[in-house]
Amino acid sequence: MNETHPLTNMLASVDTFGIKTTMIRLTPMNKDAVNEFVSATLSLLPRITRPLANILHQRSKGSPIFVKQLMVEMSRQRYLYPSLTRRRWVWEVEKIRDMKIPESVATFILNSLNRLPSEVLSALCSLSCFGTTAGIELIEALGAEVQQDLVKHLDEAVAVSVLDKRNNSYYFVHDKLQEAAYSAMNPEDRRRTHFLYGLTLARIAARERDDKLILIASTQVNLGGPEFVADDDQAVQVAKLNLEAGKMAIKMSDFFSAYSFLEYGISYLPKGHWDTNYDLSLELFNKSASCALMNAEHKNLNFLLDQIMHNANCANDKFRAIMISITFKMWSGQIAEAIKMTTSTLNDLGEGIPNLITPSIVEENLKATKEKLARISDDTLLTYPIMIDPLKIEAMSLLGKLFASFSFAGHITSLPFIASKMIQISLESGWSSLSPAAFAHWSNYLALVENKFEDGYRYAKLALSLRRASTSCIYDGAVIFCTTNTKIFVEPVQSTIEFYLEGHKAAMRSGATRYATLCAMVYDMSSFWAGKNVKAVCCAMVETMKQVKFYNNLLLLTIILPAFQVAVKMAGETGIEQSDLINASGESSKERNFAAKLPSHILNTSFHGFYEAFIFRQLERAKQDAETFYEEQSESTINMSSPMFMREFYFGLVSFWIGREKCDKKWLLRGIASKHALNNLATTASTWNFENSECTYMVHIHLCFKQWL
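Residues numbered from 1 in each chain as written. Predicted model: local features only at pLDDT ≥ 70, side-chain atom pairs only at ≥ 80, totals over all residues. Heavy atoms only, no water.

**Quick notes on empty space enclosed by the protein**
Filter applied, for reference: Note on definitions: the grid is 1 Å and covers protein atoms alone; a cavity is a set of points where a 1.4 Å probe fits but cannot get out; a pocket is an open set with protein on both sides within 12 Å along at least five of seven lines; lining residues have an atom within 4 Å of a point. Grid points are joined across faces, edges and corners, and a volume is the space filled by probe spheres set on the points. In this classification, the charged set is Asp, Glu, Lys and Arg, the nonpolar set is Ala, Val, Leu, Ile, Met, Phe, Trp, Tyr, Cys and Pro, and all remaining amino acids, among them Gly, are polar.
Going through the model one piece at a time under the given rule, you end up with two cavities of 30 Å³ or more. Broken down by class, the residue content of the lining of the second largest cavity amounts to three nonpolar, three polar and two charged.

**A short note on helix H29 (residues 513-529)**
Formally: Helix and strand definitions here come from DSSP, where helices need a minimum of 4 consecutive H or I residues and strands a minimum of 2 consecutive E residues; each element is numbered from the N-terminal end. Each helix should span, by expectation, one fewer than its residue count multiplied by 1.5 Å. Only protein chains enter the calculation, and the probe is 1.4 Å; a residue is then buried if its accessible area is under 20% of its type maximum, exposed if over 50%, and partly exposed in between.
Spanning 17 residues, H29 covers 24 Å between terminal C-alpha atoms, matching the ideal 24 Å at 1.5 Å per step. Across the 17 residues that make up H29, a large majority, 17, are buried. A positive backbone phi angle near 95° is found at Gly531, which sits one or two residues after H29.

**Topic: the nonpolar core**
Basically, it comes down to this: Nine residue types can take part in a nonpolar core, namely buried Ala, Val, Leu, Ile, Met, Phe, Trp, Tyr and Cys, and a core is a set of them joined through side-chain atoms within 4.5 Å.
By size, the foremost hydrophobic cluster in this structure holds 194 residues, and its most contacted members are Leu124 and Phe489. Examining the composition of this core, we find that eleven residues originate from one element, helix H31 (residues 554-571), more than from any other. In this structure, Leu42, Leu44, Ile55 and Leu80 belong to the second largest nonpolar core, which totals 17 residues.

**Things to note about a nonpolar patch on the surface**
The condition that has to hold: Patch definition: residues above 30% relative accessible area lacking any salt bridge, with like charges linked at up to 9 Å and the nonpolar side chains Val, Leu, Ile, Met, Phe, Trp and Tyr linked at up to 5 Å. Shrake-Rupley sampling with a 1.4 Å probe provides the accessible areas, and residues are treated as covered by the protein chains on show and by no other component. The salt bridge definition used is simple: a Lys or Arg side-chain nitrogen within 4 Å of an Asp or Glu carboxyl oxygen.
Taken together, the side chains of Met570, Ile615 and Phe616 present a nonpolar region at the surface, about 240 Å² in accessible area. Of note, Met570 is situated in helix H31. Since its relative accessible area comes to 32%, Met570 is described here as partly exposed.

**Description of the pairing of strand S5 (residues 169-172)**
Stated formally: Pairing between strands is defined by DSSP: at least two bridges between them are needed.
Bridge analysis of strand S3 (residues 133-135) against S5 gives three bridges, and the strand direction is antiparallel. Directly across from Gly135, in S5, lies its bridge partner Ser169. The turn joining strand S4 (residues 163-166) and S5, which pair antiparallel and follow one another in sequence, is formed by two residues; a positive phi near 50° is taken by Asn167.

**Describing the confidence of the model for the protein chain**
Put simply, the test is: What pLDDT expresses is the predictor's confidence in each residue, scored from 0 to 100. Contacts are assigned to residue pairs with any non-hydrogen atoms lying within 4.5 Å of each other.
Across the protein chain, the average pLDDT comes to 83, with 86% of residues at 70 or higher. Contacts of residues 636-642 to residues separated by more than four positions or lying in other chains number 19 contacts, the stretch itself having pLDDT below 50.

**Details of the packing of aromatic side chains**
Heads up, the rule is: Two rings from Phe, Tyr or Trp (for Trp, the six-membered ring) form a pair when their centres are within 6.5 Å of each other. A pair whose planes differ by under 30 degrees is stacked, one over 60 is edge-to-face, and the rest are tilted. By definition, being over a ring means that NZ of Lys or CZ of Arg is both within 6 Å of the ring centre and within 35 degrees of the ring normal.
Using the criterion set out here, one finds 26 aromatic pairs in the structure. Seen in terms of ring centroids, Phe649 and Tyr650 are 5.0 Å apart; in terms of plane orientation they differ by 75°. Their pairing is edge-to-face. Residue class for Tyr650 comes out buried when judged on its relative accessible area of 15%. Through pairs of rings, three or more aromatic residues link up here, namely Phe528, Trp529, Phe607, Phe610, Tyr611, Phe629, Tyr630, Phe649, Tyr650, Phe651 and Trp667. If you follow Arg88 out to its NZ or CZ, it ends over the ring of Trp91, 5.8 Å from the centre.

**Some remarks on the side chain of Thr200**
In this structure, Thr200 sits in helix H11 (residues 187-208). Among all residues touching Thr200, those that are not within four sequence positions of it are Leu142, Glu145 and Val146.

**Concerning the pairing of S4**
Sheet topology note: the S4/S5 ladder contains four bridges and is antiparallel. Each residue of the ladder has a partner; that of Arg166, found in S5, is Ser169.

**Notes on the sheet that holds S4**
Applicable threshold: Only C-alpha atoms enter the line fits that serve as axes; for helices the fit covers just the stretch in contact. Angles between N-to-C directions range over 0 to 180 degrees.
Across the sheet, three strands lie side by side as S3-S5-S4; this open sheet has antiparallel pairing. Each end of this open sheet is capped by a strand with a single partner; those strands are S3 and S4. In this sheet, neighbouring strand axes are inclined to one another by 20° on average, regardless of whether the strands run parallel or antiparallel. Running over the sheet, helix H7 (residues 118-128) touches S3, S4 and S5 and is turned about 95° from S5. Where helix H9 (residues 150-159) meets the sheet, it contacts S4 and S5, and its direction lies at approximately 110° from that of S4.

Laid out in structure tokens, this is it:
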């Protein structure tokens, strides 16, 4: 309490009125006194309470008021509580050590900072540059390098309860203390200190090959900033340091930190860097563009891509930027432009595809692929050599992008051609990281198009085996997603859909945000059809749609939105935050205009429309949407979507219902056609998943004939 404290002013005012007062000074208690106080308060022997008393003394500096206040806070947080089994008070030592001390205690300790020796205060300022905690080994290494005994002076701070020392680290006992120590330096000195410490730690990291230290060093340098760079050589050194930190963050799937490191790396590059440091510049801009795409930093993404395309020396150096551009165009709904860029680049690589992929071309290509695969056993396929031709590797990547673009553009008949071409390149040139995905797409074609579920299931398992044997994990999410699309027909639906979650995690680890959101979306929709709790499914869909909107992926949004709107109506709005509901289900004019251009959108919305009308018994609406669905489905010769059988099943139910209510044999025949389709799945795919459908349909057929007769 200082001279400006309100209580000091009040006491001075009291003295002026002649009122006698007695000042009682509460001096800090030593450890023994604190232990006696704790022992008496908890009615326990002093030898039992000594460990707790030592912690209280260290955290309160022995102040009688704050010892009691800390005990009350520990009791409130259930770190100090009566045990019925032991019949005495017990406490959680580690939790108490980690407990944040109350503001009043922190303020009390804060007032003593200025009374510390200058060497101790300087050491605290150094520690504060690393936040509220730092490892002792880090401080020792830094102190040795800058020739300061930081550990000795920080131990003095521990003795006066400003710091805590445990788990091989120093901790400020309160955020206020760290902020005060940090603010003791003026802003320019702080930035200069950060920059100096960063360079120092970078030297240590290089000498000892300590990867973790690179991240800390880069952070410290960046807190300093480019203004403290001495010359161009040092600027290049710091840019390389940030590049290494960015690559490490990418390996840890921390793409936000990676993007920050890489952007800082670019900011340190000297003038004319594309001429003097070409390789470094190209790698920094490429990796920064990749992270910008994943973090939805679209404005800066365009700048980065323009810089690469303008300054890259050759087509090969532009390839990564081209791939990122294709992905960005596809996500933002510019599918025609994405396809045009992909096919143009494939032509440049000598792996062009026909301008018009006719059924005869597809059939010829599929026949050639099947003949090649028929001569090779699975064991041989698993021991194939690795693809080393860079042009073939680039072609595989482009074909993978083209497959995705064709899927969303509605060019369904071309998908088998792309998958088989990828397999043919793999058989001729060896396995690339995309070869497992090619076989996963191939399994989808065999199972979902040709209804050869046994063959499709075989290649799905092969794709998963190739994925496990691959040294790259970048396409793991795609492989798991596509193989699950096949497995869901063969294995029990309720258990198989959990693999979509595995695919989501794998895709997030590799930064494949498109497949991460795709896996999450299909998992949510499949959970809805599999009969999981509707409210839980709605909440999961809300989170997925937030992620989809964050990445501005209009393609996926047009798919999940109709399902979400139906699920919300079935569940009611209870249990879902109203703000989340509005943010997730709100559809902008941009999204509506984009959806209207997609051939699959009408099919998707009409399906959910007649399903909702069927549930709520809106006959006329069900008839209208079912008619639209039937017309659109008849124009779609191939359907490779995983909920296909759910669409078929409910279309059959709705057809029987409309036929019965309208006495219309046309709808009865459509229902019977759905029955035959699902009977075929029960025979060729899984009796487990589809045998009950026939029983349901037979009931509806019986009701139709009973009503008509």
